[in-house]
Amino acid sequence: MLSPNNLQEFLKWMEGAELINIFIKQRVECKKLIREADLIIMLDFNQSNRLGEAEKYIKDSRAYKVVIDHHLDPRDFADLIITDPSRCSTAELLNDLICDINGGQFLNTPYAEALYVAIITDTGNFEYGTYSGNTLRTVAGLLDYGIERDRVLNTVYNNFSEDRMRLMGFALDKRMVIIPEYKSAYIYLTKKDLTDYNHLKGDTEGFVNMPLSIKGIIFSTLFIEKEDHVKLSFRSRGQFPVNEFAAIYFSGGGHLNASGGEYNDTLENTISYFLKVLKENLGRLKDQS
Ligand code: 5GP
């Protein structure tokens, strides 16, 4: 198993997480694994640039390449693309494929936990309207199997550091800007902010959703200042398509209501550019309720 970047802290407890090779930390091993593979299965993304530094090596590999994913608008970079944007998560689609291959529900505890964690994290613990009857039937099967729901929920959601909680408070108090006339809000965090609060990967997970619970706000953006670029996350309520917004203006993509992208400039210039392009979308935002 390979991941382009570090794992989120709140997922590191999962069985098998220690077996994942991190490209940016283990370049030599990862390049060897890619070079020697006959088959590469890529999960939960549909644009090759999401592979980060691994992109070039995967492209050069002669392995048969399969993508299994649930995002909109897949790009053509694999031999086989299995995609279904109606699924709440890639895990739900993958589980159905595995059940088909297995001739029935496949279950063991680490698998059941992984499936459950993938579904709760991709649906915001069933808060976003992306899940279906099939999702709930899948989860019902996991509960019948005896998955320790409370333990898993606590490990994923109630396991953050004090620093992360204080960073959230700081972000909401000092770094959140509301633009009522655009029904929009944004939060920005500088490199220094992250350092001041001993930021670990995954700590800002969920921050972008928070402004959406303010009355009248239907579009929320999070800017995170990185070494040489700015990473953006977008969320919306209703029909404002943040995947299109991310694709058109920020080389990104995702779902109708949850997307991300990046911009290669300073944080200040990125926010100025964002405000300019926001203006171009005023009509569409105003139409939403
Ligand atoms: P998040 O804001 O949680 O990082 O990402 C939300 C959704 O947008 C996820 O489905 C993720 O795959 C997608 N996404 C985030 N960043 C990017 C990006 O830079 N490019 C693309 N294509 N999708 C992204």
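Procedures and definitions
- Residues numbered from 1 in each chain as written.
- Predicted model: local features only at pLDDT ≥ 70, side-chain atom pairs only at ≥ 80, totals over all residues.
- Heavy atoms only, no water.
- Phe/Tyr/Trp six-rings, centres within 6.5 Å; stacked < 30°, edge-to-face > 60°.
- Helix = DSSP H or I, 4+ residues; strand = E, 2+ residues; numbered from the N terminus.
- Buried < 20%, exposed > 50% of the residue type's maximum accessible area, 1.4 Å probe, protein only.
- Lys NZ or Arg CZ within 6 Å of the ring centre and 35° of its normal.
- Expected span 1.5 Å × (residues − 1).
- Arc of directions from axis to C-beta.
- Near = heavy atom within 4 Å.
- Polar contact = N/O pair within 3.5 Å; in protein donor to acceptor, adjacent residues only side chain to side chain.
- Areas by Shrake-Rupley, 256 points an atom, 1.4 Å probe, with all protein chains shown as cover.
- Nonpolar A, V, L, I, M, F, W, Y, C, P; charged D, E, K, R; others polar.
- Domains from an automatic or database assignment.

Chemist: Account for the packing of aromatic side chains, with residues named and values stated.
Modeler: Applying the stated rule across the entire model yields 23 aromatic pairs. Pairing Phe234 with Phe245 gives two aromatic rings, centres 5.3 Å apart and planes at 80 degrees, and the pair type is edge-to-face. Here Phe234 is found in strand β9 (residues 230-236), whereas its partner Phe245 is found in helix α9 (residues 242-250), with eleven residues between them in sequence. There is no split in this pair, since Phe234 and Phe245 are both buried. Linked through ring pairs, Tyr186, Tyr188, Phe219, Phe223, Phe234, Phe240, Phe245, Tyr249, Phe250, Tyr263, Tyr273 and Phe274 together constitute an aromatic cluster. Lying over the aromatic face of Tyr57, Lys56 brings its terminal NZ or CZ to 5.0 Å of the ring centre. Geometry around Phe160 places Arg164 over its ring, the cationic atom sitting 3.8 Å from the centre.

Chemist: Just give me the short version of helix α10 (residues 267-280), but keep the residues and values in it.
Modeler: For α10, spanning 14 residues, the distance from its first C-alpha to its last is 20 Å, which sits close to the expected 20 Å at 1.5 Å a residue. Those residues of α10 not exposed but buried are Leu267, Thr270, Ile271, Tyr273, Phe274, Val277 and Leu278. An end-on view of α10 places all buried positions within 165 degrees of arc, on one side of the element. Turned more than 90 degrees off the buried face of α10, the exposed positions are Glu268, Lys279 and Glu280.

Chemist: I'd like a rundown of the site of the ligand, residues and numbers included.
Modeler: Contacts to the ligand come from 14 residues, most closely from Arg50, His71, Lys231, Ser233 and Arg235. Note that an oxygen atom of the ligand is positioned 3.3 Å from one of the side-chain N or O atoms of Arg50. Residue Arg235 places a side-chain N or O atom 2.9 Å away from an oxygen atom belonging to the ligand. Relative to its unbound accessible surface of 490 Å², the ligand loses 80% to contact with the protein. Those elements that place two or more of their residues in the shell around the ligand are β9, β10 (253-254) and β11 (258-263). With four residues, β11 is the single largest residue contributor to the shell around the ligand. Counted by class, the shell around the ligand contains one nonpolar, ten polar and three charged residues. Of the domains in this structure, domain 1 (1-85) and domain 3 (162-286) are the two that each give at least three residues to the shell around the ligand.

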